[in-house]
Amino acid sequence: MLMMRTMTKPRLELDIQFALKTKGMPRRRDFRRWAKAALQTDAVVALRVVDKAEGRSLNRQYRGKDYATNVLTFAYGSAAQDEPISGDIVICAPVAAREASEQGISLEAHYAHLAVHGMLHLQGYDHEIDGDAVIMESIESFIMRRLGYADPYVDTLPVNT
């Protein structure tokens, strides 16, 4: 007898932390939906929304850049074949709000993009080399449209992680 192997959706363990609450802050279920939309493999992730001071401190400590950036991603080791990937995503709320305003997009759409962008980084995507950037941005655009948002790379500034 032949057995059909079923494809299972990747599993996500997501701990969402708010170091601050600001106007327009997405709900936990929004962050969960956005993270799952970009998930290609099982993952254990902490997503933290921070203020400018914490964002600047982390960017200075881990990237040597003395300013708060929109999103930082910290991947922890490479997962074994049957093990989930793990890492942290840090989104700086004041930077996200400023960028959304400058780009003329909704804050919700920008948070969605930053969550998707961070999740892709955790899974090994990068944008430092032009060819890699084309691949990553194409995937981000596809996911964002599938979520019901505009393509973040049409007439907007790039995400600067």
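Residues numbered from 1 in each chain as written. Predicted model: local features only at pLDDT ≥ 70, side-chain atom pairs only at ≥ 80, totals over all residues. Heavy atoms only, no water.

### Concerning the overall build of the protein chain
When you go through the protein chain residue by residue, the secondary structure sums to 5 helices and 4 strands. Helices and strands appear in the protein chain in the N-to-C order β-α-β-α-β-β-α-α-α. The proportion of buried residues among the 161 residues of the protein chain is 43%. Sequence-distant contacts in the protein chain: of pairs separated by 6 or more residues, those separated by 24 or more amount to 64%. (Helix = DSSP H or I, 4+ residues; strand = E, 2+ residues; numbered from the N terminus. Buried < 20%, exposed > 50% of the residue type's maximum accessible area, 1.4 Å probe, protein only. Contact = heavy atoms within 4.5 Å.)

### Observations concerning helix α1 (residues 28–37)
Within α1 the residues assigned to the buried category are Asp30, Phe31, Trp34, Ala35 and Ala37. End-on, the buried residues of α1 take up no more than an arc of 160 degrees, which puts them together on one face. As for α1, its buried residues are in contact with β1 (12–18), β2 (43–50), β4 (85–92), α4 (107–122) and α5 (130–146). (Arc of directions from axis to C-beta.)

### Let's talk about the confidence of the model for the protein chain
When pLDDT is averaged along the protein chain, the result is 90, and 89% of the positions lie at 70 or above. Of all helices and strands in the protein chain, the one with the weakest mean pLDDT is α5 (93), whereas α1 scores best (98). Scored below 50 in pLDDT, residues 1–6 makes 0 contacts in the model with residues more than four places away or belonging to other chains. (pLDDT = per-residue confidence, 0-100.)

### Focus: helix α3 (residues 93–103)
Where α3 is concerned, the buried positions are Ala93, Val95, Ala96, Glu99, Ala100 and Gln103. Along the axis of α3, the buried residues cluster in a sector spanning 160 degrees; they form a single face. Buried residues in α3 make contact with β2, β4 and α4. Downstream of α3 by a residue or two, Gly104 has a phi angle that is positive, lying close to 70 degrees.

### Digging into the nonpolar core
Grouped together as the largest cluster of nonpolar side chains are 37 residues, with contacts concentrated most on Phe31, Val49, Ile91, Tyr111 and Met119. By residue number, the principal contributor to this core is α4, which donates 9 residues. Apart from residues lying up to four places away in sequence, Tyr111 is in contact with Gly24, Met25, Pro26, Phe31, Trp34, Val49, Ile91, Ala93 and Ala96. Core analysis: the second largest hydrophobic core is formed by 8 residues, Leu58, Leu72, Phe74 and Val95 among them. (Core = buried A, V, L, I, M, F, W, Y, C linked by side-chain atoms within 4.5 Å.)

### As for the side chain of Asn70
As for its placement among the helices and strands, Asn70 is situated in the loop between α2 (52–63) and β3 (71–75). For Asn70, a relative accessible area of 0% corresponds to the buried category. In this structure the side chain of Asn70 is engaged in a polar contact, spanning 3.0 Å, whose partner is the side chain of Glu99. (Polar contact = N/O pair within 3.5 Å; in protein donor to acceptor, adjacent residues only side chain to side chain.)

### Quick word on the sheet that holds β2
Read from one edge of the open sheet, 4 strands run β1-β2-β4-β3, paired in mixed fashion. Across the chains shown, the open sheet's two edge strands, defined by having one partner strand only, are β1 and β3. Here the average twist between neighbouring strands, direction ignored, is 15 degrees. Sheet topology note: the β3/β4 ladder contains 5 bridges and is antiparallel. Across the sheet, residue Val71 finds its bridge partner in β4, namely Ile91. The sheet contacts of α1 involve β1, β2 and β4, and relative to β1 the element is tilted by about 140 degrees. Against the sheet, α3 contacts β2 and β4, and its axis sits at roughly 65 degrees relative to β4. (Pairing = 2+ DSSP bridges. Axes fitted to C-alpha atoms, helices over the stretch in contact; angles between N-to-C directions.)

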